[in-house]
Amino acid sequence: MSSSHALRTSRGRRRFVTPATAVPALAVPVLFLAVAVPAWAQTPGSGYGRTGEAAGAVLTNPLTTSLGIVAVVASAVVAGTTALGFLSPPSRRSVLVVQGGAAIAVPVLVINWLIGGLTALATFPQAAGVLVAAVMFARGCQTSSAVLGLLLIGALGYNATVGHVGWHVGLAAVHMVAAVTWLGSAVSVATPACGARFTVLRRHTLVFAISATVAVAAAALEAVAKGMRFDGVTFGSLTGQLVIVQALGMTVAISTGLCRPGAIGGRVVAVAAGLVFTAGTVIAVQTPAPVPADTGRPLLRTVALAGQDVPVVVVPQRPGRNLVHVGVPGAMVGGVSADERAGAPGGWAVVDLPADTDVLTVEADGEQVPLRLDLGSDPAPPALVAGLAGPDGPECLSAVVGGMVRGVTDLPTACPSDALSAQDAVALRATVRFLADRDVALYLVSDGSGRSKAAATVVRDAAAAHGLTVDDRLNPADAVVVVAGWEGGGRRLTDELFGRSTVGGTYTAPWLATGSVLGRRTSAVTTLDFDPRAVPAQRYLADLRAAGVTLLASPAGFREWSAPTDRGEPNAAPRIFTAVQVAVIPAAVGGTDHRTTAPWLPGGALTPVTPPLPQ
């Protein structure tokens, strides 16, 4: 009996074979709704209405990821098989496979929507398309089911582009479309009726070969674009191991398919194709293998560590001493503890890297993450290395990061703490002139850096010019002027928390306007020649946020960020800003979006308290 007759009764009428699987596909979501809604309504803050946050509290995020993988694979089986249904009439086995895919995909999509993994707009059109395509395919409506299958393939291809930019969008879409088509062809080859096997094989050979070739080529291009290498780091990761599974599965499927398989061989092709597609789907949703570093350039990566996304920065990423910043303190970096430092966020470690080092291991809470390095052969500028390894290393690293997020590839020759810039000298003179009107004595807090020494000289000379006294010992009535680096300045401002601040107030140098120094609820003020709330500074913060290193925002970093294209505003007259604590107002309260600007200081803001100061 031909495959077309397999779907007919003895009276020549087509048998409706869908209820056995369509009923569960419709009943399971209904039953789940009946069970889930009462518990969901009792969830705190649910308000008897579905929100992503309330629904997400029902089940955990790993479950949403797993359900997403299952939904994609099951939907791909339905989409690919029905889209190619016009090449050969459906057989009983192909109908059962498609119905089984629909019976899995529809409930899983609905469940994933219920727990907040998908939006309704993404869930119900796909679920309806899968179900209708399966029904049309089972009823022998080849044209209708093929059209629906093609639409589903297009939808899966579009979904695959999420998170991609530029030409990677097209590559991801092509990869998904080719893979789904290949999977559907493999299912069709594995499920023909006995009398139609040769015809089905002949009609699907070209589609099978082209889709497999395109899928392999797209996967290879994606691997190259992501910087995947054939080394121990790649194959020691989950991504690398899944790539091995894909390679073996493709080899089995293609070689078996080229041999014009019989019934058993066709099933081997289908199973291997399904395994390959599933592995590729898991790769798409999992953290990719570590990306290689650019040779001799600072490295900035975000890794999954200790249950959270943690930024790791390696500067200068050259042979010799390197400063490594980890977003959480206490991690081990290459066997060295990344400890907290006064005035700096996260953990910091100075690591000596031999020229042949290609992997740096970061460890926290028993988890290890390898970072690929490419140190090159050229050493970094000696002054930069010395500054990074010294007490002002965190500020120096923040300056390098400011350039990195703007695409600067060259290393600076020195650190900001090595010399006093002209802009900072102007700001310090304006501060002293402001204090002269208040008729207070000054007390200087400095350290041994070249910048601090030069700044102390500028302050003393300006004080002498305005008739102010600079005391050698701290008097409670003095105005304290802090020109030390982050470490010394951070310790001074920490002292204020214990009630040792002076009546005259504390005035900090411009380079101390950071969250880790001023974000301590102190009464300190600083003088800046830019506004942290203005557009240039907000763009700088946005670039840092995209790189996951917002806490490294600093005037030194903003200056390096602005320098390459003069994107920042021209140096304005300096103004005095004060650090204030800000209560976070939920967005859209009262119909207004309060997220107009990002705060320079975590939990606070820098607010101007003077007009532009005379210089």
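Residues numbered from 1 in each chain as written. Predicted model: local features only at pLDDT ≥ 70, side-chain atom pairs only at ≥ 80, totals over all residues. Heavy atoms only, no water.

## Section: helix α6 (residues 142–159)
- Between the first and last C-alpha of α6 there are 25 Å, a value that for 18 residues agrees with the 26 Å anticipated at 1.5 Å per step.
- Burial in α6 covers these residues: Ser145, Ala146, Gly149, Leu152, Ile153, Leu156 and Gly157. Seen along its axis, α6 keeps its buried residues to an arc of 140 degrees; they face one direction. Facing away from the buried surface of α6 by more than 90 degrees, the exposed residues are Thr143, Leu150, Leu151 and Tyr158. (Helix = DSSP H or I, 4+ residues; strand = E, 2+ residues; numbered from the N terminus. Expected span 1.5 Å × (residues − 1). Buried < 20%, exposed > 50% of the residue type's maximum accessible area, 1.4 Å probe, protein only. Arc of directions from axis to C-beta.)

## Side note on the packing of helix α13 (residues 393–404) against helix α19 (residues 555–562)
- Closest axis-to-axis distance for the α13/α19 pair is 7 Å, and the angle between their directions is 30 degrees. Considered as vectors, α13 and α19 are oriented roughly parallel to each other. For the pair α13 and α19, the sense of crossing is right-handed. Counting all contacts with α13, which are made through Glu395, Ser398, Ala399, Gly402 and Gly403, the residues of α19 involved are Ala556, Gly557, Glu560 and Trp561.
- Class assignment for the residues of the contact of α13 with α19 results in 3 nonpolar, 4 polar and 2 charged. (Axes fitted to C-alpha atoms, helices over the stretch in contact; angles between N-to-C directions. Parallel < 35°, antiparallel > 145°, perpendicular 65-115°, else oblique. Left-handed = near helix turned anticlockwise from the far one by under 90°. Contact = heavy atoms within 4.5 Å. Nonpolar A, V, L, I, M, F, W, Y, C, P; charged D, E, K, R; others polar.)

## Overview of the side chain of Thr82
- You can see Thr82 is positioned in helix α3 (residues 61–83).
- On the basis of relative accessible area, Thr82 is assigned to the buried category, the value being 0%.
- Polar side-chain contacts of Thr82 include one of 2.6 Å to the backbone oxygen of Val78.
- Thr82 has contacts with Val98, Ala133, Phe137, Ser145, Ala146 and Gly149, leaving out every residue within four places of it along the chain. (Polar contact = N/O pair within 3.5 Å; in protein donor to acceptor, adjacent residues only side chain to side chain.)

## Examining the nonpolar core
- Counting 69 residues, the largest nonpolar core has Leu397, Leu442, Val483, Leu518, Trp600 and Leu606 as the members making the most contacts within it.
- In terms of residue count, the dominant contributor to this core is helix α15 (residues 450–465) (6 residues).
- Leaving out residues up to four positions away in the same chain, Leu518 has contacts with Leu493, Thr508, Leu512, Ala513, Ala524, Thr526, Ala579, Leu601 and Leu606. (Core = buried A, V, L, I, M, F, W, Y, C linked by side-chain atoms within 4.5 Å.)

## Regarding the pattern of salt bridges
- The full count for this structure, using the stated rule, is 5 salt bridges.
- Arg451 is the salt-bridge partner of Glu395, the closest N and O atoms lying 2.6 Å from each other. Within this pair, whereas Glu395 is found in helix α13, its partner Arg451 is found in helix α15, the two being separated by 56 residues in sequence.
- Given the relative accessible area of 2%, Glu395 is considered buried.
- Accessibility expressed as a relative area gives 3% for Arg451, which makes it buried.
- Here Arg575 makes a salt bridge to Asp531, at a shortest N to O gap of 3.4 Å. Remark: Asp531 occurs in the loop between β14 (525–528) and α18 (535–547) and Arg575 occurs in strand β15 (residues 575–581); sequence separation between them is 44 residues.
- Residue classification places Asp531 among the buried residues on the basis of a relative accessible area of 15%. (Salt bridge = Lys/Arg side-chain N within 4 Å of Asp/Glu carboxyl O.)

## Observations regarding the side chain of Thr431
- Following the sequence through the fold, Thr431 ends up in helix α14 (residues 422–436).
- When its relative accessible area of 5% is taken as the criterion, Thr431 is described as buried.
- Within the local environment of Thr431, its side chain forms a polar contact with the side chain of Thr527, the two groups lying 2.6 Å apart.
- What Thr431 contacts, discounting residues up to four positions off in sequence, is Tyr507 and Thr527.

## Some details on the pairing of β14
- On β14, burial covers both faces: Val525 and Thr527 on one face and Thr526 and Leu528 on the other are all buried.
- When strand β13 (residues 506–508) meets β14, the two strands line up parallel, connected through 2 bridges. In the strand pairing of β14, Tyr507 is matched with Val525. (Pairing = 2+ DSSP bridges.)

## Things to note about helix α12 (residues 382–389)
- The set of residues buried in α12 consists of Leu384, Val385, Gly387 and Leu388. Within α12, the buried residues cover an arc of 165 degrees as seen down the axis, which keeps them to one side.
- Residues of α12 that are buried in the fold lie against β2 (308–315), β3 (320–326) and α13.

## Here's the deal with unusual backbone geometry
- For the bond running from Val315 to Pro316, omega is 5 degrees, close enough to zero to count as cis.
- Locating Pro316 in the fold gives a position in the loop between β2 and β3.
- Located in the positive-phi region is Asp365, a residue other than glycine, with phi close to 50 degrees.
- Looking at where Asp365 falls in the secondary structure, it is placed in the loop between β8 (359–364) and β9 (367–372).
- Phi at Asp439 takes a positive value of approximately 55 degrees, unusual for a residue other than glycine.

## A few points about the confidence of the model for the chain
- Averaged over every residue, the pLDDT of the chain is 78; the share at 70 or more is 78%.
- Across the chain, α15 holds the top mean pLDDT of 96, while helix α2 (residues 52–56) sits lowest at 33.
- Within the model, the stretch residues 1–60 combines pLDDT values under 50 with 70 contacts to residues more than four positions away or in other chains.
- Note that pLDDT drops below 50 for residues 583–596; the model gives that stretch 9 contacts with residues more than four away or on any other chain. (pLDDT = per-residue confidence, 0-100.)

## A word on the packing of aromatic side chains
- The tally for this structure, following the rule as stated, stands at 10 aromatic pairs.
- On the basis of an interplanar angle of 70 degrees and a centroid distance of 5.1 Å, the ring pair of Trp113 and Phe124 is categorised as edge-to-face. Residue Trp113 is located in helix α4 (residues 92–114), and its partner Phe124 is located in helix α5 (residues 120–138); the two are separated by 11 residues in the primary sequence.
- Given the relative accessible area of 15%, Trp113 is considered buried. (Phe/Tyr/Trp six-rings, centres within 6.5 Å; stacked < 30°, edge-to-face > 60°.)

## Notes on the sheet that holds strand β6 (residues 339–341)
- Strand order in the open sheet formed by 5 strands is β1-β2-β3-β7-β6, with antiparallel pairing between adjacent strands. A single partner strand is all that each edge strand has here, and the edge strands are β1 (299–305) and β6. Here the strands of the sheet are splayed against their neighbours by 35 degrees on average, with no regard to which way each runs.
- In terms of strand pairing, β6 meets strand β7 (residues 344–353) through 2 bridges, oriented antiparallel. Residue pairing across strands places Asp339 opposite Trp348, the latter belonging to β7.

## Some details on the packing of α4 against α5
- Where α4 meets α5, the closest approach of the two axes is 9 Å, and the angle between their N-to-C directions is 165 degrees. In terms of orientation, α4 lies roughly antiparallel with respect to α5. The interaxial crossing formed by α4 with α5 has left-handed handedness. Contacts between α4 and α5 involve Ser94, Val95, Val98, Gln99, Ala102, Ala105, Val106, Leu109, Val110 and Trp113 from the former and Ala120, Thr123, Phe124, Gln126, Ala127, Val130, Leu131, Ala134, Phe137 and Ala138 from the latter.
- The residue inventory of the contact of α4 with α5, partitioned by class, reads 16 nonpolar, 4 polar and no charged.

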